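Summary of the model geometry
The primary structure of each chain is shown beneath.
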Amino acid sequence: MKQQLKDYLSFGKSERNAILFIMVLIVLVLILPAMFFSHNPPQLINSDEFATEIAQFMLVDNQNPATSQRDFNFNEPDKAALRTRFTPFKFDPNVLNEQGWKALGFSDRQAKGIIKYKNTGANFKTPEDLKKLYVFTDEVYKIFEPYIT
């Protein structure tokens, strides 16, 4: 019985090596931060310099006019940011060229994709036909819907 217990609780050579390796890692993890900070002690921040830096930041921040908060949807911030990306104006999607799509706020790639779709012979008969395009998600379509002629 004693021999069976001893065989059960003994470790093989690879297990002993693994335990030794883990113990060395633990010791290094505990000692290295103390050694690092003994050579490079953390520097204290001068509160006066920090206060002047904050004042400079606030001065620059107050000079840049922020967008109106009434235009921002705090419940869905991603959609509110989407509205600021586009600059809608009255347009006919059948006659608008690539520069016109870019002026609306679409990227170069998106504008080229729309023009490529129109060059295949597609024609927009109703405003809802724009929903066929991948760039016109429901949110984007809601932004442009009143401007489509």
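Residues numbered from 1 in each chain as written. Predicted model: local features only at pLDDT ≥ 70, side-chain atom pairs only at ≥ 80, totals over all residues. Heavy atoms only, no water.

Quick look at the environment of Ala111
Secondary-structure assignment places Ala111 in helix α6 (residues 108–119). Separated by 24 residues in sequence, Ala111 and Val135 place their C-alpha atoms 9.1 Å apart. The contacts of Ala111, once residues within four sequence positions are left out, are Glu98, Trp101, Lys102 and Phe106. (Helix = DSSP H or I, 4+ residues; strand = E, 2+ residues; numbered from the N terminus. Contact = heavy atoms within 4.5 Å.)

A word on the confidence of the model for the protein
Mean pLDDT over the protein works out to 81, with 86% of the residues at or above the 70 mark. The weakest mean pLDDT in the protein belongs to helix α4 (residues 77–85) at 66; the strongest belongs to helix α2 (residues 13–39) at 89. (pLDDT = per-residue confidence, 0-100.)

Overview of the nonpolar core
By size, the foremost hydrophobic cluster in this structure holds 19 residues, and its most contacted members are Phe91, Trp101, Phe106, Leu130, Phe136 and Phe144. Take this core: its biggest share by element is four residues, from helix α7 (residues 138–144). With residues near it in sequence (within four places) discarded, Phe144 still touches Phe86, Pro88, Phe91, Leu104, Phe106 and Phe136. (Core = buried A, V, L, I, M, F, W, Y, C linked by side-chain atoms within 4.5 Å. Buried < 20%, exposed > 50% of the residue type's maximum accessible area, 1.4 Å probe, protein only.)

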